[in-house]
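Summary of structural features
The chain contents come next:
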Amino acid sequence: MSQFLVILIDGMNYSAWLFLSAVGLTLIYGVMKILNVAHGSFYSLGAYVAASVMGYWFANDYPPYWSFVALAISAFVAGFIVGPLLERFMLRPQYDKDEVVILLITYGLFLILEDVIKMIWGVDPYFVSEPYELLDMFEVGDMIYPRYYLLMVGLAVTVGLGLLFLLKKTKFGRLLVAVIHDREISAAMGVNVGLVFAITFGLGCSLAALAGGFTAPTISVSPGLGVEVIVLSFAVVVTGGLGSLPGVALASIFMGLLRSVCVHFAPQFELFVIFTVMAMVLTFRPRGLFSLAEARKI
Amino acid sequence: MSADKTVIRFAGFLLALLLCASFIPQWGLFMLTIVLANGLVVLGCLLFLRAGLVSFGQALYFCFGAYTTGLAANFLNVTDVFLLLLMSAVTSGIMAWLLGVLLSKYRAIFFGLLSMAFSMILYGLLAKTESLGSTDGFNVPAVTILGYEPSSESVRVSILAVAALLALLAVSFGQAFLKSPMGLLLTAIRDNEIRVEYMGASAQKTIHTIYVIGGVFAGLAGSIVAVSVGHIDPTMAVWTTSGEFVFITIMGGIGSVIAPFLGALAFGIIHTVAFSESPNTWQLVLGTALIGIIYILPDGLWSLLSRLRGDKK
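A brief look at the structure comes next. From a predicted model like this one, the values you see are computed outputs, not experimental measurements.

**Let's talk about the interface of chain B and chain A**
- Chain B puts 34 residues into the contact, and the matching count from chain A is 37 residues.
- Put simply, the parts of the chain that give the side of chain B that touches chain A at least two residues each are α5 (108-127), α10 (239-252) and α12 (282-296) of chain B.
- Here the side of chain B that touches chain A takes 13 residues from α5(B), the largest share from any one element.
- The residue inventory of the side of chain B that touches chain A, partitioned by class, reads 24 nonpolar, eight polar and two charged.

Structural data, given as structure tokens:
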């Protein structure tokens with residue numbers, strides 16, 4: 001029983017991380033049909049910005065609990081500044097080309113951003129565990145867990161519900177849905193599609209940065225951080241069905257729990273269990289768990 | 001017969017290269033071998049891209065070929081390089097055929113990502129297999145060429161010659177394939193698959209075929225690299241390796257079967273120069289080059305060459 005609980009708690013923590021890392025990717029794809037390879041770079045960007053801000057925050061003895069707010073805001077803002085700029089100047093001029101060309105540009109941006117981050121922050125790792133230590137531990141049975149786990153799960157749930165609210169209840173959400181369904185008709189109806197794209201891309205990148213920012217206190221922030229995040233996010237998003245919010249939620253929960261089971265019972269599978277799940281899901285549901293039928297072009 | 005002209009020019013270029021080999025330093029010979037191997041993988045990617053597909057998983061066969069060679073050389077005591085190449089080609093081909101059954105049903109991003117997933121699975125398997133050295137990999141012993149045992153001075157040039165021969169065969173095959181009815185279908189599949197089906201041709205079968213060809217080419221390249229470097233490790237299967245192949249495909253363009261080798265040469269030069277000049281920013285240089293090519297020369301370096309020659313198209 002206790003082992004079951006251990007797996008569940010570990011799994012939920014990993015699921016929350018997967019969801020936060022991947023949700024921005026699916027948002028961008030859903031609206032813009034762009035698979036953003038640079039997604040992982042925004043994750044690193046968020047982590048580094050968070051590391052710098054946290055270092056400054058605690059060096060100056062600002063109120064420690066407000067550090068979480070600072071963390072969230074700084075990571076989010078970093079993503080929202082860099083993302084739309086790249087979208088406007090690097091991607092938009094090529095929108096008339098193939099999906100594949102855009103994919104390759106984002107791959108080029110990934111290569112560039114990796115090194116730009118190294119140029120700004122250097123190659124030495126950063127450690128900012130203060131927010132992590134601040135939250136202390138909680139006990140489940142005879143096991144002790146960091147409260148930070150709860151924070152990650154809470155954050156994932158908040159982001160998920162927030163996005164749902166944004167899509168279903170706000171004017172911008174309605175516009176997004178309209179653009180998702182038909183870009184050209186939306187534009188004809190007077191929707192500023194360019195602005196919607198810029199905001200969506202910014203939001204997607206900010207979510208990746210947010211995931212990186214909140215992961216920063218639990219790891220050593222070092223170069224190459226984003227490389228793994230990209231492929232894991234791809235796997236989660238494709239399994240869930242590209243562009244589907246419930247899909248990415250379900251896929252992260254499933255993969256998080258399954259990985260946790262693997263870590264406990266068969267650690268040698270840990271590294272590739274997620275990709276195996278992806279391959280199996282795609283074998284039976286070629287477009288992922290939740291996917292819309294696409295019109296054939298003749 | 002422009003078909004033969006392309007191949008003959010390539011053959012002439014390779015021959016000239018080998019004749020000049022004694023003037024090229026050892027590291028240059030090594031780099032050229034890698035260039036030819038990369039070009040070989042990218043020749044497969046060229047076929048994919050002609051059909052509108054981008055694979056982020058060619059590293060799978062690259063690594064699979066390398067490990068086949070490494071295992072055969074270490075445990076079966078096979079030393080002949082052609083035998084090793086043959087074994088790698090066969091195992092990679094079988095692997096590509098098996099995965100192709102599934103992958104040939106997928107298009108666009110799903111094709112790219114699913115192939116990436118398979119290559120990451122191989123990476124995970126190899127990285128966790130301690131008997132094969134986990135993430136450290138293992139060494140590949142020296143090889144013989146049809147009974148001839150190259151000395152340590154002549155080993156680089158001998159392997160380059162083997163790679164050149166292989167590249168030439170692959171280019172002739174690629175050229176013949178692109179002129180064949182199936183090769184001509186590739187562009188049609190990219191433009192409109194449903195029309196291809198109405199014509200009575202099978203898009204799936206065509207894609208399965210090029211997938212196997214691409215797998216065999218990548219397996220051969222992996223084998224060459226294993227023999228040439230003398231060491232293999234699982235990072236050969238990581239998605240960033242596949243990314244490099246995609247990079248070269250775009251760099252060279254898909255206008256000709258020689259374009260991949262041109263792209264690979266450019267990639268090799270940029271990589272070597274950028275890496276030695278500024279080891280921390282070489283990715284920046286590569287990324288800028290990639291985006292620059294997409295913006296300025298959307299058809300790759302090859303289009304520059306054909307424009308210079310005044311080809312009208």
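After presenting the structure, the write-up continues.
**Section: the pairing of strand β2 (residues 143-146) of chain A**
Residues and elements named next belong to chain A.
- In this structure, strand β1 (residues 137-140) lies alongside β2, joined through four bridges in antiparallel fashion. Paired with V140 across the bridge in β2 is M143.
- The turn linking β1 back onto β2 is made up of two residues, and G141 within it adopts a positive phi angle of 60°.

**Let's talk about the packing of helix α2 (residues 26-50) of chain B against helix α11 (residues 259-277) of chain B**
All names here are of chain B.
- Look at α2 against α11: their axes get within 8 Å of each other, and the N-to-C directions meet at 135°. Comparing the axis directions of α2 and α11 gives the class oblique. Our pair here, α2 against α11, has a crossing hand that is right-handed. Contacts from M31, I34, V35, L36, N38, G39, V42, L43 and L46 of α2 reach α11 at A259, P260, F261, G263, A264, L265, F267, G268 and T272.
- Here the contact of α2 with α11 is composed, by residue class, of 13 nonpolar, five polar and no charged.

**A look at the packing of helix α4 (residues 81-103) of chain B against helix α9 (residues 203-229) of chain B**
Residues and elements named next belong to chain B.
- It is at 7 Å that the axes of α4 and α9 come closest, and there the two elements cross at 145°. Of the two possible hands of crossing, α4 and α9 adopt the one that is right-handed.
- Counted by class, the contact of α4 with α9 contains 14 nonpolar, eleven polar and no charged residues.

What counts and how
Residues numbered from 1 in each chain as written. Chains lettered and ligands numbered in written order. Predicted model: local features only at pLDDT ≥ 70, side-chain atom pairs only at ≥ 80, totals over all residues. Contact = placed C-beta atoms within 7 Å. Helix = DSSP H or I, 4+ residues; strand = E, 2+ residues; numbered from the N terminus. Nonpolar A, V, L, I, M, F, W, Y, C, P; charged D, E, K, R; others polar. Pairing = 2+ DSSP bridges. Axes fitted to C-alpha atoms, helices over the stretch in contact; angles between N-to-C directions. Parallel < 35°, antiparallel > 145°, perpendicular 65-115°, else oblique. Left-handed = near helix turned anticlockwise from the far one by under 90°.

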